Amino acid sequence: MGGEEEAMNAVLNRLRRAQGQLAGVIAMIEAGRDCKDVVTQLAAVSRALDRAGFKIVATGMRRP
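Our subject in this report is the structure included herewith. All residue numbers refer to position in the chain's written sequence, counted from 1. Only residues with pLDDT of at least 70 get local features here, since the model is predicted, and only at 80 or more are side-chain atom pairs given and counted; chain-wide, interface and lining totals rely on the full set of residues. Side-chain numbers come from the whole structure's heavy atoms, not from hydrogens or water.

A short note on the overall build of the protein chain
Here's step 1: The helix and strand tally for the protein chain stands at two helices and zero strands.
Here's step 2: Each radius of gyration reported is based on C-alpha atoms, and the globular scaling rule is 2.2 Å times the count of residues to the power 0.38. Compactness check: the protein chain gives a C-alpha radius of gyration of 15 Å against a globular reference of 11 Å for 64 residues, more than 25% above the reference.
Here's step 3: We call a residue buried when its accessible area falls under 20% of the maximum for its residue type, exposed when it is over 50%, and partly exposed in between, using a 1.4 Å probe and counting protein chains only. When burial is assessed residue by residue, the protein chain has 19% of its 64 residues classed as buried. Secondary structure counts use DSSP, requiring at least four H or I residues in a row for a helix and at least two E residues in a row for a strand, with both numbered from the N terminus.

This is the structure we're talking about:
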């Protein structure tokens, strides 16, 4: 169970980081930042969410 708890803590950390990145994207849009910069940051958020989802699925697959 320790390994699963550690994996979920890693997922939570990744999701919190993504939440911060998303807040940054919202602030960029509100500030009228360049589209390319916004899309670059949005892609980073998307990757973070994808990785978190993959980790959740991988952890769930290891359960008996």
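Regarding the environment of Glu 4
Here's step 1: Here Glu 4 is to be found in helix α1 (residues 2-30).
Here's step 2: The exposure class assigned to Glu 4 is partly exposed, which follows from its relative accessible area of 24%.
Here's step 3: Glu 4 sits 55 residues away from Thr 59 along the chain, and the two C-alpha atoms are 6.6 Å apart.

Structural notes on a nonpolar patch on the surface
Here's step 1: Residues with no salt bridge and a relative accessible area higher than 30% make up the patches, which join like charges within 9 Å and nonpolar side chains (Val, Leu, Ile, Met, Phe, Trp, Tyr) within 5 Å. Only the protein chains shown count as cover for residues, and the accessible areas themselves come from Shrake-Rupley with a 1.4 Å probe. For salt bridges, the criterion is a side-chain nitrogen of Lys or Arg within 4 Å of an Asp or Glu carboxyl oxygen. Taken together, Leu 12, Leu 15 and Leu 49 make up a surface patch of nonpolar side chains, about 230 Å² in accessible area.
Here's step 2: Along the chain, Leu 49 falls in helix α2 (residues 35-61).
Here's step 3: The exposure class of Leu 49 is partly exposed, given its relative accessible area of 44%.

As far as function goes, none of this settles anything; it's purely spatial.
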